[in-house]
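Summary of the model geometry
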Amino acid sequence: MAGQLAERIEKLESYLSEDSENPQLLISLGDVYHLSGKFSLAKTCYLKATSFEEGSSIARSRMGSLLLSTGKTLDAFEVFQSLISEGENDPVLFHNLAICLFTHSDFERARQTFESLVDVPEVSRSSEFYIASIDDTEDKPELALRRINRLLESGEELYLRGYRTVLLYTLGSVGEAVSEAKRVLADNSNNADAWSVMATLYTEQLKHDDAQRCLQKIIELAPGDARGWHGLGLIELQKRNMGEAISYFEKAISVLPDSSMMLMTLAWAHFCQQNYLAAEQTFNRVIKVNANFGEAWGGLACSLVPQNKIKEAGAASRKASALDKHGFSSLFAKSLLLKVKGKDEIASKLLESVLDQEVRQGGQKYIDLVEQDLMSKNISMQSLMMNKSDKKH
């Protein structure tokens, strides 16, 4: 594949040397540069092509796709939206616009757009795949799995098989997920989703060396897939190496700068490090990407309370409740604010309900993770509660 791309680049560069202002040639060369990972050269070709009226909209669309590939989804969104507002109706434009919305956690609009494309052959299966991803993100993994299974009935694409292993793991079918991930990797060792399942398994088992090996494989295979760096950060988080964890999360964000989920992880890492101002600033970055993300507003409220910005925290908490009243950060923020107001008993009961939520459907609860952390420090929940009781007397 690499050899074929190099050969095509050489041929197109030769043609352009004789016809340097041909927009079609510039776009074609930009496309091959893009596929080869030579993003700066691709950008130069597309920009030059946009200076010609003929092919300008095509070059702008390709520039949007390049921005999407490099994680600059806010800029890509503006490009796609501008072209659509000018009357362009290429289904790929709408598809790529929906990917931007998905990355920004604007799932309602992303779903609407993808659903409008499921009958368009050139983007149908990809749109169904993203709808399944939205189902999964919205805590409906069973629905996502049914959708992926239907797609697999009419085609055995490796990316669908790989994503199916992720869904199985999410649903708690860990054994089946791992077995299938190993089969996928045996067929083709370049499937990032299957490596991600293996990395998650090893991370949860605290087999950090094995997990890191899998995550490095993801980084090698898919430089634009931030999960590798993000996973390395989670390992350092387990080890309580907060500085290293934050460095990895920042690397993940450099790969995918407009990802709400990546930014949320970084924000909570700052919060755990008690760098509440940095947490506040990062939660605000998430809100800039998607102002309707309730978890971000709840996180912002949590970061404001320790800074004694109680009025602003209250406003952010109310916004979080309006958007997602049952969300983890929304309830956590409420418990912190109740504590500040001296309503300790109500705050404690609310916090208990927060910790009783499952991290993953059918998986551990937040309270289980807290107990594991305490046990690693030779502290039991019982002794912790006894200490609290002693302080009351």
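Here, the structure is the one placed above.
Right, let's walk through the structure included here. The model shown is predicted, which means the values in this text are computed figures rather than measured ones.

1. Notes on unusual backbone geometry
With phi around 65°, Ser105 is a residue other than glycine that occupies positive phi space. Inspection of the secondary structure puts Ser105 in the loop between helix 6 (91–103) and helix 7 (107–115). For Ser105, a relative accessible area of 7% puts it in the buried group. Positive phi values are uncommon outside glycine, yet Leu206 reaches one of about 60°. Along the chain, the position of Leu206 falls in the loop between helix 12 (192–204) and helix 13 (208–221). On the basis of relative accessible area, Leu206 is assigned to the exposed category, the value being 55%.

2. Description of the packing of helix 9 (residues 141–153) against helix 10 (residues 158–170)
Here helix 9 crosses helix 10 at 155°, and the two axes come no closer than 10 Å. Considering the angle they form, helix 9 stands roughly antiparallel to helix 10. Like other packed secondary-structure pairs, helix 9 and helix 10 cross with a definite hand, here left-handed. Residue-level contacts link Pro141, Ala144, Leu145, Ile148, Asn149, Leu151 and Leu152 of helix 9 to Leu160, Arg161, Tyr163, Arg164, Leu167, Leu168 and Thr170 of helix 10. Of the residues that constitute the contact of helix 9 with helix 10, the class distribution is 10 nonpolar, 2 polar and 2 charged.

3. Concerning the packing of helix 4 (residues 56–69) against helix 5 (residues 73–85)
Direction vectors running N to C along helix 4 and helix 5 enclose 155°, while the axes themselves pass 8 Å from each other. On the basis of their axis angle, the class for helix 4 and helix 5 is roughly antiparallel. The interaxial crossing formed by helix 4 with helix 5 has left-handed handedness. Note on element contacts: helix 5 touches helix 4 through Thr73, Asp75, Ala76, Val79, Phe80, Ser82 and Leu83, opposite Ser57, Arg60, Ser61, Gly64, Ser65, Leu67 and Leu68. Looking at the contact of helix 4 with helix 5 residue by residue, the classes come out as 6 nonpolar, 6 polar and 2 charged.

Each value, and the rule that gives it
Residues numbered from 1 in each chain as written. Predicted model: local features only at pLDDT ≥ 70, side-chain atom pairs only at ≥ 80, totals over all residues. Heavy atoms only, no water. Helix = DSSP H or I, 4+ residues; strand = E, 2+ residues; numbered from the N terminus. Buried < 20%, exposed > 50% of the residue type's maximum accessible area, 1.4 Å probe, protein only. Axes fitted to C-alpha atoms, helices over the stretch in contact; angles between N-to-C directions. Parallel < 35°, antiparallel > 145°, perpendicular 65-115°, else oblique. Left-handed = near helix turned anticlockwise from the far one by under 90°. Contact = heavy atoms within 4.5 Å. Nonpolar A, V, L, I, M, F, W, Y, C, P; charged D, E, K, R; others polar.

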